[in-house]
Amino acid sequence: MELLKPAQDLRADGAEAAARGMPVVLLFSLPDCGFCLVVRRNYLLPLERDLPLARRPVVREVQLVDTAPLRGFDGVTTSGKALAARYRARFAPTVVLVDASGALLAAPIVGGDTTGLYGGYLDNALAEAVGRLASHAGGKRQGERP
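Residues numbered from 1 in each chain as written. Predicted model: local features only at pLDDT ≥ 70, side-chain atom pairs only at ≥ 80, totals over all residues. Heavy atoms only, no water.

Engineer: Can you help me understand the overall build of the protein in this one?
Structural biologist: If you tally the helices and strands in the protein, you get 4 helices and 6 strands. The principal-axis extents of the C-alpha atoms in the protein amount to approximately 45 × 40 × 25 Å. Taking all 146 residues of the protein together, the buried fraction comes to 42%. For the protein, the distance from the average position of its 18 positive side-chain charges to the average position of its 15 negative side-chain charges is 4 Å. (Helix = DSSP H or I, 4+ residues; strand = E, 2+ residues; numbered from the N terminus. Buried < 20%, exposed > 50% of the residue type's maximum accessible area, 1.4 Å probe, protein only. Lys, Arg positive; Asp, Glu negative; His and termini not counted. Charge placed at Lys NZ, Arg CZ, Asp CG, Glu CD.)

The structure is reproduced here in structure tokens:
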């Protein structure tokens with residue numbers, strides 16, 4: 001089974017995403033969560049695998065209840081559990097799209113794909129996030145020419 005890269009250094013992940021003008025996508029999950037597996041396999045792994053690098057968000061997975069230390073967007077040590085509390089992620093899966101500083105760029109996507117509409121929800125959230133990043137960068141993504 002393919003896995004998403006776990007969140008370990010969100011400051012570095014944010015810098016990588018910012019260099020491309022893309023968001024950081026965080027999947028808050030739980031072990032043995034069937035809905036998490038579907039979201040990971042069918043929607044988030046393809047973002048990492050199939051999109052050209054310039055259009056690829058940085059995708060990381062965070063365990064909702066994990067207390068192991070990781071570096072936050074501000075460089076301060078935090079944990080998956082603390083991040084989940086910050087983003088009010090109480091259910092698995094929850095997908096959050098943020099900028100390089102960890103600020104929300106779109107409403108979180110809570111729950112799994114029970115109706116076959118998840119791809120649309122994710123596409124809309126990505127478009128909103130990229131649009132907000134572009135408006136903050138003067139109307140164009142990093143690296144784009146006028």
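Alright, that's what it looks like, and here's the rest.
Engineer: Looking at this model, I keep getting lost on the nonpolar core. Mind explaining?
Structural biologist: The tendency in soluble globular proteins is for nonpolar side chains to be buried as a group. V25, L44, V95, L97, Y118 and L122 are the most contacted members of the largest nonpolar core, which totals 20 residues. Among the elements that make up this core, the one with the highest residue count is helix α4 (residues 118-136) (6 residues). Those residues in contact with L122, other than ones at most four positions away along the chain, are Y43, L44, L47, V95 and I109. Residues A17, L83, A89 and V98 belong to the second largest nonpolar core, which totals 17 residues. (Core = buried A, V, L, I, M, F, W, Y, C linked by side-chain atoms within 4.5 Å. Contact = heavy atoms within 4.5 Å.)

Engineer: Sorry if this is basic, but what is going on with the layout of surface pockets here?
Structural biologist: It is the rolling of a water-molecule-sized probe over the atoms that shows where space remains empty. In this structure, the largest pocket spans a volume of roughly 330 Å³. In terms of lining, the largest pocket is formed by 20 residues, of which the most central are L3, P6, R40, E61 and Q63. Elements that contribute at least two residues to the lining of the largest pocket include exactly α2 (34-50), β2 (58-63) and β3 (69-71). Within the lining of the largest pocket, the residues separate by chemical class into 14 nonpolar, 2 polar and 4 charged. (1 Å grid on protein atoms, 1.4 Å probe; cavity = no way out; pocket = protein on both sides within 12 Å on 5 of 7 lines; lining within 4 Å. Points joined across faces, edges and corners; volume = space filled by probe spheres on them. Nonpolar A, V, L, I, M, F, W, Y, C, P; charged D, E, K, R; others polar.)

Engineer: Quick question: what am I supposed to make of the state of the cysteines here?
Structural biologist: What makes a disulfide is a covalent bond joining the sulfur atoms belonging to two cysteines. Using the criterion set out here, one finds 1 disulfide in the structure. Two residues share a disulfide in this structure: C33 and C36, whose sulfurs sit 2.4 Å from each other. One disulfide, between C33 and C36, carries an S-S torsion of 75° and so falls in the right-handed class. Here C33 falls in the buried class, since its relative accessible area comes to 15%. (Disulfide = S-S within 2.5 Å.)

Engineer: Honestly, the sheet that holds β2 in this entry has me stumped. Any pointers?
Structural biologist: Pairing in this open sheet of 4 strands is mixed, and the strands run β2-β1-β5-β6 from one edge to the other. Every interior strand has two partners, whereas the edge strands, β2 and β6 (109-110), have only one. Two strands pair when backbone bridges link them, and strand β1 (residues 24-29) and β2 are joined in this way by 6 bridges, in the parallel orientation. Across the sheet, residue V24 finds its bridge partner in β2, namely V58. Contacts between α4 and the sheet are confined to β1, β5 (94-98) and β6, with β5 contributing the most and set at about 20° to the helix. (Pairing = 2+ DSSP bridges. Axes fitted to C-alpha atoms, helices over the stretch in contact; angles between N-to-C directions.)

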